[in-house]
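Given next are the chains, with one letter for each unit.
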Amino acid sequence: MEQFLDIADAELEQNVYDVNPTRLESLLELSLRTSISNIDPYKDELRVELLPFDLVSMLFKVITIETKLEEVYKKEKEDLRGLTGIEAFSFDYCVEWPVSLILSRKVLTNYQLLFRHLFYAKHVERRLSSGIMEYKRGVLRLPFHALRHRMLHFVQNLQYYMMLEVIEPSWQELSSKMQQVTNVDDVLKLHNEFLSSCLKDCMLTDPELLDVGHKMLVQCVRFSNFLQVISSACVMFRGGYRISVREGCNK
């Protein structure tokens, strides 16, 4: 994932209208074939998908299925003007029979929810981490760096919790139980329990809780963007020499 983000970051930073899906497919294929994933026989089944809504909106659409609010959400038109490629990005997977008995469309949608949550958290971590060099070059003052560090600490701990305290133990438990299954119904039951557990513990079944968490991640991105603007403004040219705002403020 890190390798894909390294080469696709510029494309995904654009508005979703300006993102080229074909280019993303090519970048995904390149990252898969130049990583350890190249030995995966099913890597070619992975597809790029740009969804017309962010993670929170997607969750609301999923949980309102077969409820009174379903028609309301169907009638609402999505405003894509402020949606970036990062926020709209997801993976899809081409599943053939008989695997489709397990990986149904509903199951894949739940996996997309989980992936988009992890993907956006990784994106936020990368954005905040990029500000370290600005501090080392003396462009940013200590208060900015301290707040950025606290945000980075929060995002990294959030990822650690989801990956190593929720998904990994649940996967190990599923793998262990799968050794005793005798029919497809058992596989379906165990897999659904695994997925439900991951969604619940990753805060993807409570819209209000997810909304709060997502807003915190969005604020981290906004702060990172602010730091970029500040660091750009901090560098001025006078007589062909580059000086920082810190130097300018001391004069």
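Here the structure is shown first, and the text comes after it.
Here we summarise the structure given alongside this text. Small disclaimer: the values here were computed from a predicted structure and weren't measured. (Residues numbered from 1 in each chain as written. Predicted model: local features only at pLDDT ≥ 70, side-chain atom pairs only at ≥ 80, totals over all residues. Heavy atoms only, no water.)

## Quick word on the overall build of the chain
In terms of regular secondary structure, the chain is built from 11 helices and 4 strands. Residues classed as buried in the chain amount to 38% of the 251 residues present. When contacts within the chain are restricted to residue pairs at least 6 apart in sequence, those whose partners lie at least 24 apart make up 74%. A total of about 15,300 Å² of accessible surface is found on the chain, and carbon and sulfur atoms cover 57% of it. (Helix = DSSP H or I, 4+ residues; strand = E, 2+ residues; numbered from the N terminus. Buried < 20%, exposed > 50% of the residue type's maximum accessible area, 1.4 Å probe, protein only. Contact = heavy atoms within 4.5 Å. Areas by Shrake-Rupley, 256 points an atom, 1.4 Å probe, with all protein chains shown as cover.)

## Observations regarding the environment of Arg-23
Within the secondary structure layout, Arg-23 lies in helix 2 (residues 21-33). Arg-23 gets classed as partly exposed once you look at its relative accessible area, which sits at 43%. Once the C-alpha coordinates of Arg-23 and Ala-8 are considered, the two residues, 15 residues apart in sequence, prove to be 8.8 Å apart. At a separation of 3.2 Å, a polar atom in the side chain of Arg-23 contacts the side chain of Glu-11. (Polar contact = N/O pair within 3.5 Å; in protein donor to acceptor, adjacent residues only side chain to side chain.)

## Side note on the pattern of salt bridges
A full pass over the atoms with the stated rule returns 8 salt bridges. One salt bridge in this structure joins Arg-33 and Glu-29, with 3.2 Å as the shortest N-O distance. With Arg-33 and Glu-29 both in helix 2 and 4 residues apart, the pair spans about one turn of that helix. The exposure class assigned to Arg-33 is partly exposed, which follows from its relative accessible area of 37%. We note a salt bridge from Asp-92 to Arg-105, for which the minimum N-O separation is 3.2 Å. Here Arg-105 lies in helix 6 (residues 105-129) and Asp-92 lies in strand 2 (residues 89-93), a separation of 13 residues in the sequence. Arg-105 gets classed as partly exposed once you look at its relative accessible area, which sits at 45%. (Salt bridge = Lys/Arg side-chain N within 4 Å of Asp/Glu carboxyl O.)

## A look at helix 6
The terminal C-alpha atoms of helix 6 lie 36 Å apart, and with 25 residues this matches the ideal 36 Å at 1.5 Å per residue to within 8%. With respect to burial, helix 6 is a largely interior element, 20 of its 25 residues being buried. (Expected span 1.5 Å × (residues − 1).)

## Some points on the packing of aromatic side chains
Counting across every chain of the model gives 9 aromatic pairs. With centroids separated by 6.2 Å and ring planes inclined at 35°, the aromatic side chains of Phe-223 and Phe-226 adopt a geometry described as tilted. With Phe-223 and Phe-226 both in helix 10 (residues 207-233), this residue pair falls 3 residues apart, about one helical turn. Relative accessible area serves as the criterion here: at 11%, Phe-223 is assigned to the buried category. Put simply, the rings of Phe-4, Phe-89, Phe-91, Phe-115 and Phe-119 touch in pairs and so form one group of aromatic residues. (Phe/Tyr/Trp six-rings, centres within 6.5 Å; stacked < 30°, edge-to-face > 60°.)

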